[in-house]
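Each chain, written out:
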Amino acid sequence: MLKGQTLVFDADDTLWENNVLFERVIDGFLDRYSAPGERESTRGLLDRIEAENAVTLGYGAEVFRQSLRDCLEQLTGRAADEQDAATIEELLTPLTIREVELIDGVAETLAALAGSHELLLLTKGDLAEQQRKVDASALAHHFRGIHIVPENGFQ
């Protein structure tokens, strides 16, 4: 039986934190790898690399890992060594763990809305990564349908 209005929700930065996690990783990367006085230019380089990689690879934690490695290589003139790889992996932990940070009030709001509305989730990105976040959120039961679509045709 259909309910009142159908409401469509995005996931990242609507239901749970996402961008803030990437910003924390970027801050840690800049703390570790930008030269004194070069933080802004290093951030600009990373932003350009991310934009270029997004065109060919899509986006998400795996592509972001590659962008960090590419940035490090351009900054240092060498590929990441084992220590650099370990540092990048440590920085990426908040993006790859099996938890999500729900935005305050989301669970209660969805529970209230689900009683009188049809709820759908439409999000884009890497299928496995987005599905992991949906599962970790424990919110899937509120939605009549969950649709994860690729960015730029990547999956």
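Here, the structure is the one placed above.
What counts, and where the lines are drawn
Residues numbered from 1 in each chain as written. Predicted model: local features only at pLDDT ≥ 70, side-chain atom pairs only at ≥ 80, totals over all residues. Heavy atoms only, no water. Helix = DSSP H or I, 4+ residues; strand = E, 2+ residues; numbered from the N terminus. Polar contact = N/O pair within 3.5 Å; in protein donor to acceptor, adjacent residues only side chain to side chain. Contact = heavy atoms within 4.5 Å. Pairing = 2+ DSSP bridges. Axes fitted to C-alpha atoms, helices over the stretch in contact; angles between N-to-C directions.

(A) Highlighting the side chain of threonine 123. You can see threonine 123 is positioned in strand E2 (residues 118-124). Within polar-contact distance, the side chain of threonine 123 engages the side chain of aspartate 10 at 3.3 Å. At 3.0 Å, the side chain of threonine 123 and the side chain of glutamine 130 are in polar contact. Those residues in contact with threonine 123 that lie beyond four places of it in its chain are Asp10, Ala11, Asp12, Gln130, His147, Ile148 and Val149.

(B) Up close: the sheet that holds strand E1 (residues 6-9). Pairing is parallel in the open sheet, where three strands are placed in the order E1-E2-E3. The two strands at the open ends of the sheet, each matched to only one other strand, are E1 and strand E3 (145-149). Ignoring which end each strand starts from, the neighbouring axes of this sheet average 20° apart. Against the sheet, helix H6 (residues 127-137) makes contact with E2 and E3, and its axis sits at roughly 150° relative to E3, the strand it touches most.

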